[in-house]
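# Architecture at a glance
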Amino acid sequence: MSHLLEVKNLDVKFDTDEGRITAVENISLSVDQGEVLGIVGESGSGKSVTAKSIMQLNPGNTSYNEDAEIILDNENVLQFTSKQDLKKIRGGKVSMIFQEPMASFAPAIKIGAQMVEQLLIHKNINKEEAKSISINMLKRVGIADAEKRFNQYAFELSGGMRQRAMIAMALSTMPKLLLADEPTTALDVTIQAQVINLIKDIIKEYQMGVIFITHDLGVIAQVADHVAVMYLGSVVEKGPVNEILKNPKHPYTKGLLQALPDINNLDAPLSPIPGNIPSPLDRPTGCVFRTRCPHHNPEGKDGKIEMKLIEVEPGHWVDQCGIKCGQNG
Amino acid sequence: MGDNLISVNNVSVNFDYQENFISKKQKIHAVNNINIKIKKGSFFGLVGESGSGKTTLGRAILGANKISSGNVIFHDEERDYDLTDMNKQDLKEYRKKAQLIFQDPYAALSPRMTVRDIIAEPLEVMRITNSRQETDERVRDIAAKCRLNIEHLRRFPHAFSGGQRQRISIARALVSNPKFIVADESVAALDVSIQADILNLLKQLQTELNLTYLFISHDLSVVAHVCDVVAVMYLGHIVEMGPSRELFKNPKHSYTKALLSSIPSIDPEKRSEAIELKGEIPSALNPPPGCVFRTRCPNPGVDCKGGEIKMGLIEVEPGHWVDQCCAI
Ligand SMILES: Nc1ncnc2c1ncn2[C@@H]1O[C@H](COP(=O)(O)OP(=O)(O)OP(=O)(O)O)[C@@H](O)[C@H]1O
Ligand SMILES: Nc1ncnc2c1ncn2[C@@H]1O[C@H](COP(=O)(O)OP(=O)(O)O)[C@@H](O)[C@H]1O
Ligand code: SF4
Ligand code: SF4
Ligand SMILES: [Mg+2]
Ligand SMILES: [Mg+2]
């Protein structure tokens, strides 16, 4: 069976005054229906750029490589250029939710009016139907007084409720793929738990595929089926969530886990990954992580051999550290 | 007062609120009747959801918010400062001794200032140093302690990473040689690795410079790792307080339990054990009478006295305090 989404050999570059930046290099990912792919990594690792590529939302200074493919529902979205085609993905087959819900809502338009407008663009229905779908969806995400909220502006809602309204709007068009970019990062843990449960219920109910971006490994453990770990534009490790969190192989994944304060293990020291993430303008050749890796071998080949994932356990892929520095389980 | 540095006694902070000019004047009860003692050399944690009053309490202790009732005493070596009764001279001295770590100093500062000027500013504003040379020495000294590269002092801050910016912010707070530091969400915006680095730095500076911290955070895992005492706040009240390990191992208050269970476990096999709290924190304009957590409490006991008793902490184990509505 083919995947709902398949990203193959994607590079994303930006032309800037300081030169050409490689934000994403040679990544391949897939998402199936009803599945959550978590993408985790530090700030600047390319998570949002990857998600935006799927919706063709990167700005005008972006270039993609010729041989890259983003196959959604058997079509390569990278070849979409017409408005008509783009409409099929943006708000059609794909919806996106963000950390800051105000980014989704126009401040001067009522929540309901925006939901209705979006539905009218993407679905062949009339205004009355669109209104009833919207109100039902607001109810579905747990908003009390949905009829009243329908007629309010986003700024009139509390933080948690705004997050729910944004999710309702993203889901009302019944997308096949939901891109969630740090949707719980700005929330308190209690509200985060509510939103995570809501998203999980909805995925089950509608069988959509989800890419869930976060820098929080705890959130990943709670929502993802599969995980891709990104560093400086590369996927360094990917696989089933249990494998990645309990049997991590790549030094970067291990580093992230060791830096994390674990409430169940208060005696463990917090060990930062040494050094700083390099500027994408000085992206290291060969292994992208070598400037910070504790296993970096100056006599080894990590500066010369390209990044390439190899399968170490069924479905568990890790960069070929082994032939560069003799690492990997 | 022996080994305490700060005593917060029955402190309340209210803000006046008027929806529009014809509506009735109301009060926002941001902080209610708080009693805490912060020991010298302690890493005192303050946790709770957004809007629970953490920042307001921190600012009140720094003398940056008016205190509506009660008092805060800072026990210095030679004398006590009563924050509700200070003249200008006292306030000037207190400012040197108690400092805030900004979440991001550039939000407030001119982008045309060099890192050196940012760190030096408190020395100049408070007229602590007498010559440029003396200022430079102090700046270099604290920058080195905060593991900042001396060459970076001449640069402008925009190019720095989050971790470096946070170190500049810490250096700026410490340059006046304070004894007490309020760190309000100081690691909230950082990636885990940088967060670990900054937390280790704060710990190290604490020993090196004999600092006492009030560490405000909404991240319980972080607080559990660095703090020795923790107070849990909800809607302006401290509902539970105690030695960090005891509190996290043996939480007594329903709110603390719910909060702890909401931390997403790093183990994918332990999913959805969260005690889900319904709704959000109520408005501080009309806090519920009796137990303030009553409107969201997932498991009010059969004999729960939450509606009848006034809030107030009682000691259930040595040093472990729980709100009496919940404890009785
Ligand atoms: N200057 C002010 N004027 C009016 N109300 C205020 C003011 N400062 C704080 N409040 C109110 O006091 C209550 C507590 O606010 P505070 O900011 O201290 O909470 P907090 O726990 O620090 O929240 P957060 O984590 O969002 O910063 C809130 O209801 C807030 O809206
Ligand atoms: N429009 C753009 N022009 C230039 N550089 C960009 C642009 N968008 C993103 N970048 C760069 O791409 C890299 C990845 O960014 P991003 O995907 O936003 O990271 P994340 O979401 O993981 O924090 C960063 O170095 C960022 O500065
Ligand atoms: S290739 Fe070498 S330097 Fe790179 S992550 Fe693997 S062990 Fe570290
Ligand atoms: S006093 Fe009652 S309502 Fe309040 S937290 Fe305790 S059990 Fe819940
Ligand atoms: Mg991002
Ligand atoms: Mg605050």
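Residues numbered from 1 in each chain as written. Chains lettered and ligands numbered in written order. Predicted model: local features only at pLDDT ≥ 70, side-chain atom pairs only at ≥ 80, totals over all residues. Heavy atoms only, no water.

### Considerations on the overall build of chain A
- Scanning chain A for helices and strands turns up 11 helices and 13 strands.
- The globule rule puts the C-alpha radius of gyration for 329 residues at 20 Å, and the 21 Å found for chain A is close to it.
- Across its three principal axes, chain A shows a C-alpha extent of roughly 70 × 50 × 45 Å.
- Across the 329 residues that make up chain A, the buried fraction comes to 53%.
- For chain A, the share of sequence-separated contacts (at least 6 apart) that also reach a separation of at least 24 residues comes to 62%.
- When the accessible surface of chain A is totalled, it reaches about 14000 Å², and 49% of it is carbon and sulfur.
- Looking at chain A, you have 34 positive and 40 negative side-chain charges, and the mean spots of the two groups are 4 Å apart. (Helix = DSSP H or I, 4+ residues; strand = E, 2+ residues; numbered from the N terminus. Rg over C-alpha atoms; globule rule 2.2 N^0.38 Å. Buried < 20%, exposed > 50% of the residue type's maximum accessible area, 1.4 Å probe, protein only. Contact = heavy atoms within 4.5 Å. Areas by Shrake-Rupley, 256 points an atom, 1.4 Å probe, with all protein chains shown as cover. Lys, Arg positive; Asp, Glu negative; His and termini not counted. Charge placed at Lys NZ, Arg CZ, Asp CG, Glu CD.)

### Describing the sheet that holds strand E9 (residues 209–214) of chain A
All names here are of chain A.
- Judged by pairing direction, the sheet is mixed, and its 8 strands sit side by side in the order E7-E8-E9-E3-E10-E11-E13-E12 without closing on themselves. Either end of the sheet is taken by a strand with one partner, and the two such strands are strand E7 (94–97) and strand E12 (309–313). Each neighbouring strand pair of the sheet contributes to a mean axis angle of 20 degrees, computed without reference to strand direction.
- In this structure, E12 lies alongside strand E13 (residues 316–319), joined through 4 bridges in antiparallel fashion. Note that in E13 the partner of Leu-309 across the bridge is Asp-319.
- Helix H1 (residues 47–54) contacts strand E3 (36–40), E7, strand E8 (177–181), E9 and strand E10 (226–231) of the sheet and is inclined by roughly 155 degrees relative to E9.
- Packing of helix H10 (residues 251–259) onto the sheet brings it into contact with E10 and strand E11 (234–240), and relative to E10 it is tilted by some 95 degrees. (Pairing = 2+ DSSP bridges. Axes fitted to C-alpha atoms, helices over the stretch in contact; angles between N-to-C directions.)

### Focus: the site of ligand 4
- Neighbouring residues of ligand 4: B:His253, B:Ser254, B:Cys291, B:Phe293, B:Arg294, B:Cys297, B:Pro300, B:Gly301, B:Cys304, B:Gly306, B:Cys325 and B:Cys326.
- Residues belonging to the shell around ligand 4 are distributed by class as follows: 7 nonpolar, 4 polar and 1 charged. (Near = heavy atom within 4 Å. Nonpolar A, V, L, I, M, F, W, Y, C, P; charged D, E, K, R; others polar.)

### With respect to the environment of A:Leu4
- Here A:Leu4 shows up in the segment before strand E1 (5–16).
- For A:Leu4, the contacting residues outside a window of four places in its chain are A:Val31, A:Asp32, A:Gln33, A:Ile71, A:Leu72, A:Asp73, A:Lys176, A:Leu177 and A:Gly209.

### A short note on the site of ligand 3
Residue and element names in this part refer to chain A.
- Neighbouring residues of ligand 3: 13 residues in total, closest Cys-287, Cys-293, Asp-302, Cys-321 and Cys-325.
- Of all the elements, helix H11 (residues 321–325) adds the most residues to the shell around ligand 3, at 3 residues.
- Among the residues forming the shell around ligand 3, the class breakdown is 6 nonpolar, 4 polar and 3 charged.

### Thoughts on the packing of aromatic side chains
- Going through the model one piece at a time under the given rule, you end up with 12 aromatic pairs over all chains.
- What links up through ring pairs into an aromatic cluster is the set A:Tyr231, A:Tyr252 and A:Phe289.
- The cationic tip of B:Arg79 hangs over the ring face of B:Tyr81; the distance from NZ or CZ to the ring centre is 4.0 Å. (Phe/Tyr/Trp six-rings, centres within 6.5 Å; stacked < 30°, edge-to-face > 60°. Lys NZ or Arg CZ within 6 Å of the ring centre and 35° of its normal.)

### What about the confidence of the model for chain B?
- Model confidence for chain B is summarised by a mean pLDDT of 91, while 98% of its residues fall at 70 or above.
- Scored by ipTM, the complex comes to 0.87, with pTM at 0.88. (pLDDT = per-residue confidence, 0-100.)

### Observations regarding the interface of chain B and chain A
- Of the residues lining the interface, 41 residues belong to chain B; the matching set on chain A comes to 45 residues.
- Buried surface at the junction of chain B and chain A, summed over both partners, amounts to about 3500 Å²; 56% is from carbon and sulfur atoms.
- On the chain B side of the interface with chain A, the three residues burying the most area are B:His225, B:Ile266 and B:Arg271, jointly 20% of the side's total.
- Connecting chain B to chain A are 3 salt bridges.
- Across the pair B:Glu269 and A:Lys246 runs a salt bridge, and its minimum N-O distance is 2.9 Å.
- Here chain B is connected to chain A by 21 residue pairs in polar contact (both at pLDDT 80 or more).
- Breaking the side of chain B that touches chain A down by element, the ones donating at least two residues are helix H7 (192–209), helix H8 (220–226), helix H9 (244–249) and helix H10 (254–261) of chain B.
- Here the element with the most residues in the side of chain B that touches chain A is H7(B); it accounts for 7 residues.
- In the side of chain B that touches chain A, the residues fall into 15 nonpolar, 14 polar and 12 charged. (Buried area = accessible area lost by both parts, 1.4 Å probe. Salt bridge = Lys/Arg side-chain N within 4 Å of Asp/Glu carboxyl O. Polar contact = N/O pair within 3.5 Å; in protein donor to acceptor, adjacent residues only side chain to side chain.)

### Comments concerning the environment of A:Leu177
Residues and elements named next belong to chain A.
- If you trace the backbone, Leu-177 turns up in strand E8.
- The spacing of Leu-177 and Leu-29 is 148 residues in sequence and 14 Å in space, taken between C-alpha atoms.
- For Leu-177, the contacting residues outside a window of four places in its chain are Leu-4, Leu-5, Val-31, Ile-54, Leu-72, Lys-93, Val-94, Ser-95, Gly-209 and Val-210.

### With respect to the sheet that holds strand E2 (residues 26–39) of chain B
All names here are of chain B.
- Judged by pairing direction, the sheet is antiparallel, and its 4 strands sit side by side in the order E2-E1-E4-E5 without closing on themselves. At either margin of the open sheet sits one strand with a lone partner, and together these are E2 and strand E5 (80–82). For this sheet, the mean angle separating the axes of adjacent strands, direction not counted, is 20 degrees.
- Sheet analysis places strand E1 (residues 4–17) next to strand E4 (residues 69–75), joined by 5 bridges and oriented antiparallel.

### Description of the pattern of salt bridges
- What the rule picks out here adds up to 29 salt bridges over all chains.
- When salt bridges with common partners are traced through the structure, they connect A:Asp73, A:Glu75, A:Asp85, A:Lys88, A:Lys93 and A:Lys176 into a single cluster.

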